[in-house]
Amino acid sequence: MKSLLSVTADTKAGEKEMSGETLAIRGGRPLTGRVEVKGAKNLATKAMVAALLGETTSILRDVPDISDVQVVRSLLEVHGVDVAEGDEPGTLIFDPSGAVSAHFEEIDAHAGASRIPILFCGPLLHILGEALIPDLGGCRIGDRPINFHMDALRAFGAIVDKTYEGIRITAPNGLHGANIELPYPSVGATEQVLLTAVKAKGVTELRGAAIEPEIMDLIAVLQKMGAIISYEPNRVILIEGVDTLQGYDHRCIFDRNEAASWACAALATDGDIFVGGAKQQEMLTFLNVFRKVGGSFDVHEDGIRFRRGGVLKPVVVETDVHPGFMTDWQQPLIVALTQAVGQSVVHETVYENRLGFTEALVQMGADIVVHPEGIDSPNRRVPRRALEQAAVITGPTPLHGADVEVPDLRGGYSYVIAALAAEGQSIVRNVGIIRRGYEKLFTKLDTLGADFDVIG
């Protein structure tokens, strides 16, 4: 049976794309065809925040139509920023001239479970003198990243006060340059330092910085605005504060996480998927692992074609910060590894508890054993961390349909791909989470020949 999207009018398809929360998926057929990836979620949302710093209008292009972007847009509008859509699809125009302070409740109402309000702190301190972060419950925000952010803001001279509503941050004496060393190359904390340091008085030296391509693209955005930022060896970034910044005109870097996800879908379903907009350079580490597993890819000027190159082979993967193998890549890869001949090991060293999604894959027939304290190995290249886990995947194992509920963004996408690779019908619930990072997911699945219905 075809997707409901293929038998309804275009307007109805759009409604289903935004409202569907449950999918009935009938698997066992390869995904074939072409999909396009737009700008990276992890750049677009941060560049949107950067628009607050400009004294003139900013233009951001290739913005993905995903729920995380809608959250940031709402937060900007709550703070008085005028956000309009440009003539070119995927273009947003930001006028920050009317920026104002917002109440805890307003911010919380629009932020939901998003952590993005944390990154508003530096820009708001510069233009308004205070920033508010609501509801810092551990389940919604998490203590570890919050500590990194708050410590950095204190180093700039900010005063952090916790209230019953959340956190109020002020800078009565302004913000000044600082020497900051991160205990771990946190992407979010690096973004916080960049967005705060560009208008802080003096020079900021950031050591232990994250250097992901999306970070470098954010630096490019800030430089267009008038910032002075240099990247030095050994994860050191120097920022010379300036008095004023102007708006920018920028096209987002492509979403390498979505590109890798479709590549893994081609492996798992024995499909053939051309990912338009994907670039080789930003995916070098992923492409090496993809080839080792038995995948084949062709790099074209306008994208990359992914397919199986034969029997899938086991691999050992250690996730790490860039330029290592991204943690966001391991979840869809594990689905494909259930079909590899032999035993694979995935060491998750970036996030704790990110292998819990494998329980549903076991329910679908996979042979996966999670080691909650990781696995020692003489051949490890990434230093062990106290929070790490490891998954041992033995294959190939036929997957069968099941009733599963999406736990998070990447895990949820992995469930969809597992259901498409499995025999029989699967019910995948709570798929709305996936729209945080995957634009027009249902439409793209339909284009690739997936057999599914949106049922709720």
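Bear in mind the structure is a predicted one, so any value in this text is a computation, not a measurement.

The rules behind these values
- Residues numbered from 1 in each chain as written.
- Predicted model: local features only at pLDDT ≥ 70, side-chain atom pairs only at ≥ 80, totals over all residues.
- Heavy atoms only, no water.
- Phe/Tyr/Trp six-rings, centres within 6.5 Å; stacked < 30°, edge-to-face > 60°.
- Helix = DSSP H or I, 4+ residues; strand = E, 2+ residues; numbered from the N terminus.
- Buried < 20%, exposed > 50% of the residue type's maximum accessible area, 1.4 Å probe, protein only.
- Lys NZ or Arg CZ within 6 Å of the ring centre and 35° of its normal.
- 1 Å grid on protein atoms, 1.4 Å probe; cavity = no way out; pocket = protein on both sides within 12 Å on 5 of 7 lines; lining within 4 Å.
- Points joined across faces, edges and corners; volume = space filled by probe spheres on them.
- Nonpolar A, V, L, I, M, F, W, Y, C, P; charged D, E, K, R; others polar.
- Contact = heavy atoms within 4.5 Å.
- UniProt positions renumbered as here; feature names shortened; annotations may be inferred.
- Core = buried A, V, L, I, M, F, W, Y, C linked by side-chain atoms within 4.5 Å.

1. With respect to the packing of aromatic side chains
Working step 1: For the structure shown, the criterion picks out nine aromatic pairs.
Working step 2: When the centroid spacing of 5.4 Å and the interplanar angle of 85 degrees are considered together, the rings of Trp-262 and Tyr-413 count as edge-to-face. Placement of Trp-262 in helix 9 (residues 256–269) and of Tyr-413 in helix 13 (residues 409–421) is noted, with a sequence separation of 151 residues between them. An identical accessibility class is assigned to Trp-262 and Tyr-413; each is buried.
Working step 3: For the ring pair Phe-442 and Phe-452, a centre distance of 6.2 Å and an interplane angle of 55 degrees mean the geometry is tilted. Taken together, the residues Phe-442 in helix 14 (residues 441–447) and Phe-452 in strand 23 (residues 451–454) connect sequence positions 10 residues apart. Taken as a pair, Phe-442 and Phe-452 share a single burial class, namely buried.
Working step 4: Here the aromatic residues Phe-286, Phe-290, Phe-297, Phe-306, Phe-325 and Trp-329 are joined through ring pairs into a cluster of three or more.
Working step 5: The ring of Tyr-184 has Arg-385 lying over it, and the distance from NZ or CZ to the ring centre is 3.8 Å.

2. As for the layout of surface pockets
Left-over empty space is what a probe sized like a water molecule reveals as it rolls over the atoms.
Working step 1: The calculated volume of the second largest pocket comes to roughly 400 Å³.
Working step 2: Taken together, 16 residues line the second largest pocket, and the ones lying closest to its centre are Lys-292, Val-316, Val-317, Glu-318 and Arg-381.
Working step 3: Secondary structure elements with two or more residues in the lining of the second largest pocket: helix 10 (284–293) and strand 17 (316–318).
Working step 4: Top element by residues in the lining of the second largest pocket is helix 10. It accounts for four residues.
Working step 5: Looking at side-chain class alone, the lining of the second largest pocket contains six nonpolar, six polar and four charged residues.

3. What to know about the environment of Ile-229
Working step 1: The residue Ile-229 is located in strand 11 (residues 228–232) in this model.
Working step 2: Residue classification places Ile-229 among the buried positions, given a relative accessible area of 11%.
Working step 3: On a C-alpha basis, the gap between Ile-229 and Gly-241 in space is 8.9 Å, while along the polypeptide they are 12 residues apart.
Working step 4: Among residues more than four places away in sequence, those in contact with Ile-229 are Leu-194, Val-198, Ile-219, Leu-222, Ile-237, Leu-238 and Ile-239.

4. Observations regarding the UniProt feature "binding site: phosphoenolpyruvate" (unreviewed entry) in the protein chain
Working step 1: Following the UniProt record, one finds the feature "binding site: phosphoenolpyruvate" (unreviewed entry) at Lys-41 and Asn-42.
Working step 2: Position of Lys-41 among the secondary structure elements: in helix 2 (residues 41–50).
Working step 3: Among residues more than four places away in sequence, those in contact with Lys-41 are Ile-66, Asp-68, Asp-255, Leu-409, Arg-410, Arg-436 and Gly-437.
Working step 4: Relative to the helices and strands, Asn-42 is located in helix 2.

5. Describing the UniProt feature "binding site: UDP-N-acetyl-alpha-D-glucosamine" (unreviewed entry) in the protein chain
Working step 1: In this numbering, the UniProt entry assigns the feature "binding site: UDP-N-acetyl-alpha-D-glucosamine" (unreviewed entry) to Arg-115, Asp-328 and Val-350.
Working step 2: The topology assignment puts Arg-115 in the loop between helix 4 (104–111) and helix 5 (121–128).
Working step 3: Judged by relative accessible area, Arg-115 falls into the partly exposed class, the value being 43%.
Working step 4: Locating Val-350 in the fold gives a position in the loop between strand 18 (342–348) and helix 12 (358–363).
Working step 5: Take Val-350: its relative accessible area is 9%, and that puts it in the buried class.

6. Re the nonpolar core
Working step 1: If you look at the biggest cluster of nonpolar residues, it comprises 154 residues, and the most contacted ones within it are Leu-222, Trp-262, Phe-286 and Phe-306.
Working step 2: Here the element with the most residues in this core is helix 9; it accounts for nine residues.

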